[in-house]
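A look at the structure
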Amino acid sequence: MERSKSNGGEHVNNAYDSTLDEPPHYEETSRAVRPSVVSAFGHDTLDRVPNIDFYRNAGSVSGHRAVRPSLQELHEVFQKNGEISVPDTVEDDGEGSSGTPCDPDLESAVPKEGGVKFGWIRGVLVRCMLNIWGVMLFIRLSWIFGNSGWGLGIVVIILSCVVTTITGLSMSAICTNGVVRGGGAYYLISRSLGPEFGGSIGLIFAFANAVAVAMYVVGFAETVVDLLKDNAAIMVDEVNDIRIIGCITVVLLLAISVAGMEWEAKAQIILLVILLVAIVNVIVGTFIPVTDSKKSRGIFNYNSKIFLENFTPDFREGETFFSVFAIFFPAATGILAGANISGDLRDPQAAIPKGTLLAILITGLTYLGIALCVSATVVRDATGNINDTVTPGVPCTGPSIAACELGYNFSSCAETKCKFGLSNNVQVMTMVSGFGPLIIAGTFSATLSSALASLVSAPKVFQALCQDNIYKILHFFAKGYGKNNEPIRGYVLTFLISVAFILVGDLDTIAPIISNFFLASYALINFSCFHASYAKSPGWRPAYKYYNMWLSLMGALLCCVVMFVINWWAALLTYGIEILLYIYVTVKKPDVNWGSSTQAVTFVSAVGNALSLSGVDDHVKNFRPQILALTGGARNRPALLDLAHSFCKNYGLCLTCEVFVGPRSEALEEMNSGMERNQLWLRKNKRKAFYAAVACEEFRQGAECLLQASGLGRMKPNTLMIGFKRNWRTAGTEGVQTYVGILHDAFDFEYGTLILRMDHGLDVSHLVEAEVEMLKAAREQQALESEMMPNGGKKGMFRKSRKSSTHVLATRVSVCAPPTPQVAKMNEKLLEASAQFKKKQPKGTIDVWWLFDDGGLTLLLPYILTTRKKWKDSKLRIFIAGQPGRSDLDKQEMKSLLQKFRINCTDINVIDDIHIPPRADSLRKLDDMIEPFRLHEESKDSAPWKITDEELSTFEEKTNLQVRLNELLQEKSKSANLIVVSMPIARKGVSDFLYMAWLDILTKDLPPTLLIRGNHKSVLTFYS
């Protein structure tokens, strides 16, 4: 409860490893820091002018950051005669000045010499265009427009572009709201929505990219095998040839990727040139005069009648608008190709929005342009027979009326399926083009560029996920190599996954799942933007302003709808996997804090709920214990905290409180350094409680502040819980008066009051301090040994001799010196007792001595304990005081009352001999206890705190009652797991020492005993 001396240095937050976010390919250049502000104000001052270096993340790449003077330093500078000096830079230990975990300061860093950084064109625009321009452009686009017509075909393309454009706008807003680092979609989602969403989507997104490599490579291999078949050059058979060519291709792509981003970028440029030539080849081909052979296959020059005929849809073989849309949409899912290498961009904040949105515009117009060109030059059905011309007298009524007017009769296609035309042949683009082999080269380029982009994206995203250590088992893949921190291990893993799916995977089944994985990422990016905007956090200030929160929400919903349109079972599978990963990450609770919008919304919701609650009057049915436990530090009285936590867990508020006593300047320093440390300990040890502390000159004054000011609205403590003061006989007058005074204050403020007594005591603070000192000494020793080792402490074949410093050795000896056997035994028993309420309680009873009606708190709290898993084997036994001769009637009345309260108990005991005088030996124990505090002959004025004979005579019956109750407790409840007894009230006018003697004699030599006194307002009701 009371702390008068600081025992800890600066708090080190171990919840987050700042190096996990730090790409090692950065090193900071010298940074100019203004050492003074003389030039600005004409005189020197400890204050500093605004400077960007003060706002950089702690733990910058070089280990130094600029610091501003603290408020306390400015406040006390004249008291210390101006002796305070603040360094311009400070050596960081991974913690910010405010005790918050830190990220690496990439903003102030420059690439290592030889490292590659891309601009928005090579880094984002080219990659996105290559990924969006897939085989769809040359193989299926004509078929899509043949089925849907160019009217609905335009709708298909525009709807796809709407989804990707909204996602691009949301991504632009997110990535311009601060420095963007490596990890692409995973980084954006995790830093916006938190590790739960980011960790789940990051894993499936990386896996989707890895499998997408196999899909694109198989597409390439199938095209090659078709060429081999046309030239009768099949090696084994078609299936095995696809596997052989696919594996060889993946090996070559892996070699390009491992060679470095520069080689990969050069390969992408070459592939882009080939693809652009193929696209131009198609457009040029539509202007070249057609031959009779082409006309027989339904290919003509531009004709308005063909264009109008192809306007209306003509769905065949069960196809619908949604099925056609599901086939086309995966072609638009390459918009994250640039964002996925965000760590390799020179300025990701500017590059990602510009490159991504421009790529969507260019590729969308390309798809529309080529599709419309083909729709104006190719009919839906053609026989390929040059003799099927219009003959006079022979009707020409087939599906291609426009062809009839151009001299060709394809009427037979109405009866039997033809091989040519938009709706029948996927090689229309090759036939339309000016030079067919260029289309094959374009197909190769489209598949290989997409495969290469996915092969690079998967390891980059996976590496960022592993560096954050959300899945600890995957941390092996976090290591990077070379100038650009290349994820070689991730490349190998991606290679193995892609080869496995090439060899054994059913890609037709996998394809819709992969598309849904990408769409789930898009949905979360849109939702991240909406969520951050909805939270209205002051930290949400994106530089990109062309977004709308409701548009982002619509984009997220559209993505979810499209997932079901593409494949309903794949959508359900995607949601199932994501939910399972979300639950896993939530349960594991990774020790990271990224200031996500989830935290902001939680705060907003908490404030809103607290305000709503404050507008509702309390009702007895909704009463729940909200405990203010005076535990001191969170670790100091574990038994007290554990029992309080058992009462409140998932039911009510629990505050573990500490009062720092002493001069405010000293107490504040210690209090501030311990706030986060104690709350962190509570969270790590799964104690659902809040830590609160005050600094005061007197302990009672601090406790009074906590009793009056703790809580918020209706979420205020209503019950004080405190440990029994075992040393009251040696604590001195002031200590006893302070302790009893706190009880008086609790009654004045209408708090219910609990006092816990355990035979071996509650306070383990001396053991905690010893442990802290021991760990500190061990760290100092380890640091010293590292300094004495060559290469800065790295392991090597030869080491210098190590000499421990005298100071460290002295500390270790003083701390680690073994205690005497008696003290060691006491400490062992104390530690065992302090852990008593952490473990499952054995079969037994909770004995409730409900002697006085205090509103029902004495009965409610033990009942709550029996609902806990740890106490489920402990049954309630009720003991009540009864009049002699009517024990059965009293028992029946209590049984009826408990039934109305719906509280089960195993036994009701009526004590009808409570009025019998206690034994002489028991009274003698009490007399010995209070003898040092008796006032025999001296005047009351000389020692007003002492117990007079008159006072003893006045309260003789009450004193005898406590002694008699202890005898009964020894007799009937000695084997209970916990004894709950109605607490005698500390009435004003009763000597503090006499009251402490009552509490002591009442609970002496018993199992753990809890004294309870409610505030005499009902907390139980039998009304519904």
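What you are looking at is a predicted structure, and each value in this text was computed from that prediction instead of being measured.

**Some thoughts on the packing of helix 22 (residues 638-648) against helix 29 (residues 857-866)**
Relative orientation of the contacting elements helix 22 and helix 29 amounts to 90°, with a least axis distance of 8 Å. The orientation of helix 22 relative to helix 29 falls into the category roughly perpendicular. Here Leu643, Ser646 and Phe647 of helix 22 lie close against helix 29, whose contacting residues are Leu861, Ile864 and Leu865. Residues belonging to the contact of helix 22 with helix 29 are distributed by class as follows: five nonpolar, one polar and no charged.

**What to know about the pairing of strand 10 (residues 752-757)**
In terms of burial, strand 10 is largely enclosed, as six of its six residues are buried. Residues of strand 10 alternate between two faces, with Gly752, Leu754 and Leu756 on one and Thr753, Ile755 and Arg757 on the opposite face, all of them buried. Of the pairings in the sheet, the one linking strand 9 (residues 719-723) to strand 10 comprises five bridges and is parallel in character. Bridge pairing in strand 10 places Gly723 opposite Leu756. In this region the chain leaves strand 9, passes through helix 25 (residues 733-748) and returns to the parallel neighbour strand 10; the handedness of that crossover is right-handed. By the bridge criterion, five bridges tie strand 10 to strand 17 (residues 1009-1013) in an arrangement that is antiparallel. Residue pairing for strand 17: Thr753 is matched across the bridge by Arg1013.

**So, the pairing of strand 8 (residues 690-696)**
With respect to burial, strand 8 is a largely interior element, six of its seven residues being buried. By the bridge criterion, seven bridges tie strand 7 (residues 654-661) to strand 8 in an arrangement that is parallel. Within strand 8, the residue paired with Glu658 across the bridge is Ala693. Traced from strand 7 through helix 23 (residues 664-684) to strand 8, the parallel crossover comes out right-handed.

**Quick word on the confidence of the model for the chain**
When the pLDDT values of the chain are averaged, the result is 80; 85% of them are 70 or greater. Note that pLDDT drops below 50 for residues 90-114; the model gives that stretch 80 contacts with residues more than four away or on any other chain. The low-confidence segment residues 792-816, where pLDDT is below 50, has 31 contacts with residues more than four positions distant or belonging to other chains.

**Considerations on the side chain of His744**
Tracing the sequence through the fold places His744 in helix 25. Look at His744 and you get buried, because its relative accessible area is 13%. The residues contacting His744, other than those within four sequence positions of it, are Arg700, Ala986, Arg987, Lys988 and Asp992.

**A look at unusual backbone geometry**
At Asn469, a residue that is not glycine, the phi angle is positive and equals roughly 60°. Along the chain, Asn469 falls in the loop between helix 16 (436-467) and helix 17 (488-504). Positive phi values are uncommon outside glycine, yet Glu750 reaches one of about 60°. Of note, Glu750 is situated in the loop between helix 25 and strand 10. Assessed through its relative accessible area of 44%, Glu750 is described here as partly exposed.

**What about the environment of Gly168?**
Mapping Gly168 onto the fold places it in helix 5 (residues 141-175). Separated by 167 residues in sequence, Gly168 and Ile335 have C-alpha atoms that sit 7.5 Å apart.

**Details of the side chain of Ser449**
Relative to the assigned elements, Ser449 resides in helix 16. Assessed through its relative accessible area of 0%, Ser449 is described here as buried. If we ignore the near neighbours within four places in the chain, the residues touching Ser449 are Leu130, Asn131, Gln268 and Leu271.

**Points about the packing of aromatic side chains**
For the structure on display, the rule yields 30 aromatic pairs. Judged by centre distance (5.9 Å) and plane angle (35°), the ring pair of Phe564 and Tyr575 falls under tilted. Taken together, the residues span a long stretch of sequence, with Phe564 in helix 19 (residues 549-566) and Tyr575 in helix 20 (residues 568-588) at a distance of 11 residues. Overall, the relative accessible area of 37% leaves Phe564 in the partly exposed class. Look at Tyr575 and you get partly exposed, because its relative accessible area is 24%. Judged by centre distance (6.3 Å) and plane angle (50°), the ring pair of Trp728 and Phe993 falls under tilted. Highlighted residues: Trp728 in the loop between strand 9 and helix 25 and Phe993 in helix 34 (residues 992-1003), separated in sequence by 265 residues. Per residue, the accessibility class of Trp728 equals that of Phe993, and both read buried. Ring pairing ties together the aromatic residues Phe321, Phe322, Phe325 and Phe329, which thus form one cluster.

Rules behind the numbers
- Residues numbered from 1 in each chain as written.
- Predicted model: local features only at pLDDT ≥ 70, side-chain atom pairs only at ≥ 80, totals over all residues.
- Heavy atoms only, no water.
- Axes fitted to C-alpha atoms, helices over the stretch in contact; angles between N-to-C directions.
- Helix = DSSP H or I, 4+ residues; strand = E, 2+ residues; numbered from the N terminus.
- Parallel < 35°, antiparallel > 145°, perpendicular 65-115°, else oblique.
- Contact = heavy atoms within 4.5 Å.
- Nonpolar A, V, L, I, M, F, W, Y, C, P; charged D, E, K, R; others polar.
- Buried < 20%, exposed > 50% of the residue type's maximum accessible area, 1.4 Å probe, protein only.
- Pairing = 2+ DSSP bridges.
- Right-handed = clockwise from strand over helix to strand, strands pointing away.
- pLDDT = per-residue confidence, 0-100.
- Phe/Tyr/Trp six-rings, centres within 6.5 Å; stacked < 30°, edge-to-face > 60°.

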